[in-house]
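Read off the chains here:
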Amino acid sequence: MTSSNPLLQSYDLPPFSSIRAEHVKPAIEQVLADSRAALAQLLDNPPTQWTWANLIEPLDDMGEKLGRAWSPVSHLNAVLNSADLRDAYNSCLPLLSEFSTEMGQNQKLFAAYQQLSEGEAFAQLDQAQQTIIEHALRDFRLSGIALPAEQQKRYGELQMRLSELQSKFSNQLMDATQAWTKHITDAAQLDGLPDSALAQAKQAAEAKELDGWLITLEFPSYYAVMTYARDRALREELYTAYCTRASEVGPQAGENDNGPLITEILTLRQELAELLGFANYAELSLATKMAESTDQVVSFLRDLGTRSKNFAGQDLAALREFAAQQGCNDLQSWDVGFYSEQLQQHRYAVSQEELKPYFPVNTVLTGMFSVVERLYGIQLREVSEFDRWHKDARLFEVMEQGEVIGQFFLDLYARSNKRGGAWMDGCRDRRLLPSGEVQRPIAYLVCNFTPAIGDKPALLTHDEVTTLFHEFGHGLHHLLTRVDYPSASGINGVAWDAVELPSQFMENWCWEPEGLALISGHYESGEPLPQDLLDKMLAARNFQSGMGMLRQVELSLFDFLLHLRETPDQTVQQVLDQVRAEVSVFPPPAFNRFQNGFGHIFAGGYAAGYYSYKWAEVLSADAFSRFEEEGVLNTDTGKAFRDNILARGGSREPMELFVAFRGREPSIDALLRHSGLTGEAA
Ligand code: ZN
């Protein structure tokens, strides 16, 4: 059976077209069984001295085999989903999680790493290898390996219960979101909604065999009403339902209430942190991040809040004045989105629709490639023959001095059975093989852009162009690495609060006249983006950026202070109210239960880490400011960025890498300047 399973064959590029759902579980079971046997054999007869070659290389081989079987499955599950494939994929998740727990709690393996981290054995390793060993030991300790048996058991119980609670949080939020709808039969009530939103609401009604339109709490429906609906009562009703989801108040009060889960999650996280020797969960979170101390994160956020507050006040005053001119003298939370949209149209008169003809997809791709060809001295070329999972899939090679150094797949368009959003994922890591040969990295770049309509090429909005640059930035981090070891090559091993540096960094070229000249060209005339459109676009870039910045600071500070527990008796609501009193210019009504739907920190990986978005943005803006000083297409600056950041992956601490590139520690100035938050607020 295994001999015909494509996931168990050795291959260069994954054999996508021959992978079937029935191959998945047998392949993963086989690989995991092989790995367990190989690990037992490795550890049962320990050598007198563990070395990189006799410990890490065999482990990397095991990781490689698992990656080769799992990576294409995980990719297909996201881009070519089917009921069979989803079942097969889900059936493997517990197997993989069990295996990873086993590895993290393997005492013999831990002892082997420890021996390698000491004395002569360690001294002989290069810097990337030393970092990898240190990080591995850190991760063993964070898995509770050094604890006495009793506490180790408790650690396991806490992890198990937390994962249950987090999953329940997410399910209850989903159930609460789906439990409320509003059926509308009078078209006048939906006045102001764009055609696409109306079509969506109609479709939602038809799906339930209703006439008219159905408004739901799914984000696109909620967003469209809050932004465009002229009916104020409708906005208020929807706002109230949305902001009280999964709570003890509002139209579904007490059903699917996430409040008790939040309390238990926070209590257990605190216990977990203490078990591992930390004062609180915020400290535990920072153990693997770039930020050095909880004080540093809190000061960073408070400073950003203070600097943005006057600008936000100014944004709000302008909004109130504009709303009053339209007859709304008592601006409420459910009016903010609506009047903001009107004000933006009124001030800048530029729409995404107007810009699209200047961004045909191939012009954007060619332009984006020439930006990085100039910056990094590489060449990109498309490969036409390869095994595709869908006709839209494309493959490109990254060349340097005539040699292929990496490849990436590109899957640009939205379609059914494809997960939403945009992402970069590693397909294969760069690695120096024991044979001395270099294994080239391969990446997946996936977006959900609007496909071509009729005989026009696909035309991108400027937002989509920015997304493409963002993901390509992650891709270059993966592809231009020079690290020889998979645990630190590409984005592997990079701290959570630094990993968005290369991606947010690339977005800057979408806002630079020199970059725009390369990536734009009218799909019929070839004419570059006209000056007046460019001016309007640049002017609208920082619309309400003060309010936007404060909102991010509010969320980040709430998350962080909650996990810092400086005043353990405070309730979650009290922490949130205190943060709002400190940083918000327009606090929401008292019934708002935003926290009961904050899945990033209660169901996802952002607990005491939501600040990472802004943290990495400081790094990316400051890195880009060196290009502003030396020329945005300056080859020497590009080479320095590649050598010091992109090539280094997780081989050194991110602060050291940043300083090596910038010549100093990061400063917040560039981010404030790019966001229009410098000088005097009026
Ligand atoms: Zn990203």
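Scope of this entry: the structure provided in the associated data block. (Residues numbered from 1 in each chain as written. Predicted model: local features only at pLDDT ≥ 70, side-chain atom pairs only at ≥ 80, totals over all residues. Heavy atoms only, no water.)

Scanning the protein from N- to C-terminus turns up 27 helices and nine strands. Against the 2.2 N^0.38 benchmark of 26 Å for 682 residues, the protein shows a C-alpha radius of gyration of 26 Å, consistent with a compact globule. Projecting the C-alpha coordinates of the protein onto the three principal axes gives extents of approximately 80 × 65 × 55 Å. Counting the 682 residues in the protein, one finds 53% classified as buried. Pairs at least 24 residues apart make up 73% of the contacts formed inside the protein by residues separated by at least 6 positions. For the protein, the exposed surface amounts to about 29800 Å²; the carbon and sulfur share of it is 49%. For the protein, the centre of its 57 positive side-chain charges and the centre of its 93 negative side-chain charges are spaced 1 Å apart. (Helix = DSSP H or I, 4+ residues; strand = E, 2+ residues; numbered from the N terminus. Rg over C-alpha atoms; globule rule 2.2 N^0.38 Å. Buried < 20%, exposed > 50% of the residue type's maximum accessible area, 1.4 Å probe, protein only. Contact = heavy atoms within 4.5 Å. Areas by Shrake-Rupley, 256 points an atom, 1.4 Å probe, with all protein chains shown as cover. Lys, Arg positive; Asp, Glu negative; His and termini not counted. Charge placed at Lys NZ, Arg CZ, Asp CG, Glu CD.)

This part takes up the coordination of the zinc ion. The coordination sphere of the zinc ion contains the protein donors H470 (NE2), H474 (NE2), E500 (OE) and E500 (OE), at a distance range of 2.1 to 2.8 Å. Viewed at the metal, the four donor atoms of the zinc ion are separated by angles of 51 to 140°, and the geometry they form is irregular. For the zinc ion, the single-chain donor residues occur in sequence as H-x3-H-x25-E. Taken together, the residues span about one helical turn, with H470 and H474 both in helix α17 (residues 462-479) at a distance of four residues. Accessibility assignment for this pair places H470 and H474 in one class, buried. (Donors = N, O, S within 2.8 Å, 3.2 Å for Na, K, Ca; no water. Tetrahedral: all angles 85-135°; square planar, octahedral: opposite > 155°, others 65-115°.)

All right, on to the sheet that holds strand β6 (residues 423-428) then. Strand order in this open sheet of five strands is β3-β4-β5-β9-β6, and the pairing throughout is mixed. The strands lining the two open edges of the sheet, one partner per strand, are β3 (379-383) and β6. Taking each pair of neighbouring strands and ignoring which way they run, the sheet shows an average axis angle of 25°. Direction of pairing for strand β4 (residues 394-400) relative to strand β5 (residues 403-413): antiparallel, over a ladder of seven bridges. The residue bridging F396 from the neighbouring strand is F408, located in β5. Along the sheet, helix α2 (residues 52-79) makes contact with β5, β6 and β9 (442-449), crossing β6 at roughly 145°. Against the sheet, α17 contacts β3, β4, β5, β6 and β9, and its axis sits at roughly 170° relative to β9. (Pairing = 2+ DSSP bridges. Axes fitted to C-alpha atoms, helices over the stretch in contact; angles between N-to-C directions.)

Before going further, it helps to spend a moment on the pattern of salt bridges. Taken as a whole and assessed by the stated rule, the structure comprises 38 salt bridges. In this structure, the salt-bridge partner of R662 is E629, at a minimum N-O distance of 3.0 Å. Remark: E629 occurs in helix α24 (residues 612-630) and R662 occurs in helix α26 (residues 654-662); sequence separation between them is 33 residues. R662 gets classed as buried once you look at its relative accessible area, which sits at 10%. Overlapping salt bridges, with partners in common, bring together D61, E64, R68 and R431 in one network. (Salt bridge = Lys/Arg side-chain N within 4 Å of Asp/Glu carboxyl O.)

Turning to helix α25 (residues 635-646), its buried residues number three or more, namely T637, G638, A640, F641, R642, N644, I645 and L646. N-capping of α25 is provided by N634, with a side-chain oxygen placed 2.8 Å from the backbone N of D636. (Polar contact = N/O pair within 3.5 Å; in protein donor to acceptor, adjacent residues only side chain to side chain.)

The next thing to look at is the nonpolar core. Formed by 141 residues in total, the largest nonpolar core has its most connected members in Y376, F408, F472, W509 and F641. Contacts of F641, omitting those with residues within four sequence positions, involve Y376, L501, F505, A623, F627, L646 and F661. Of all hydrophobic cores here, the second largest spans 59 residues; its members include W52, A78, F140 and Y444. (Core = buried A, V, L, I, M, F, W, Y, C linked by side-chain atoms within 4.5 Å.)

Moving on, we get to the packing of aromatic side chains. Per the stated rule, a full pass over the model turns up 43 aromatic pairs. For the ring pair Y239 and F591, a centre distance of 6.3 Å and an interplane angle of 75° mean the geometry is edge-to-face. Residue Y239 is located in helix α10 (residues 232-243), and its partner F591 is located in the loop between α22 (572-583) and α23 (599-602); the two are separated by 352 residues in the primary sequence. By relative accessible area, Y239 is classed as buried at 6%. Note on F386 and F409: the rings are 5.9 Å apart at their centroids and 45° apart in plane angle, and the pair reads as tilted. Here F386, found in the loop between β3 and β4, pairs with F409, found in strand β5; they are 23 residues apart in sequence, far enough to count as distant. The residues F386 and F409 share a single accessibility class, namely buried. (Phe/Tyr/Trp six-rings, centres within 6.5 Å; stacked < 30°, edge-to-face > 60°.)

Viewed as axis vectors pointing N to C, helix α21 (residues 545-564) and α22 meet at an angle of 145°, and their least axial separation amounts to 9 Å. Between α21 and α22 lies a crossing of right-handed hand. Two secondary-structure elements touch here, α21 through L550, V553, E554, L557, F558, L561 and L562 and α22 through V572, V575, L576, V579, R580, E582 and V583. (Left-handed = near helix turned anticlockwise from the far one by under 90°.)

This paragraph deals with helix α1 (residues 21-44). Between its first and last C-alpha, α1 extends 36 Å over 24 residues, near the 34 Å set by a 1.5 Å rise per residue. Taken as a whole, α1 has its buried residues at H23, V24, A27, I28, V31, L32, S35, L39, L42 and L43. In this structure, the buried residues of α1 make contact with α2, α3 (83-104) and α4 (107-116). (Expected span 1.5 Å × (residues − 1).)

Next up on the list: the pairing of β5. Counting buried residues in β5 gives eight out of eleven residues, a clear majority hidden from the surface. Sheet topology places β5 next to β9; six bridges connect them, and they run parallel. The residue bridging Y413 from the neighbouring strand is F449, located in β9.

The next thing to look at is the packing of α25 against α26. The geometry of α25 relative to α26 is characterised by a closest axis approach of 9 Å and an angle of 160° between their N-to-C directions. Classified by the interaxial angle, the pair formed by α25 and α26 is roughly antiparallel. Here α25 and α26 pass one another in a crossing that is right-handed. Here α25 contributes T637, A640, F641, N644 and I645 to the contact with α26, which in turn contributes L657, F658, A660 and F661. (Parallel < 35°, antiparallel > 145°, perpendicular 65-115°, else oblique.)

Attention now moves to the environment of A488. Checked against the element boundaries, A488 lands in the loop between α17 and α18 (501-507). Accessibility expressed as a relative area gives 0% for A488, which makes it buried. Sequence spacing of A488 and L395 is 93 residues, and the spatial spacing of their C-alpha atoms is 25 Å. Not counting the four nearest positions on each side in its chain, A488 is found in contact with I132, V483, R648, G649, G650 and S651.

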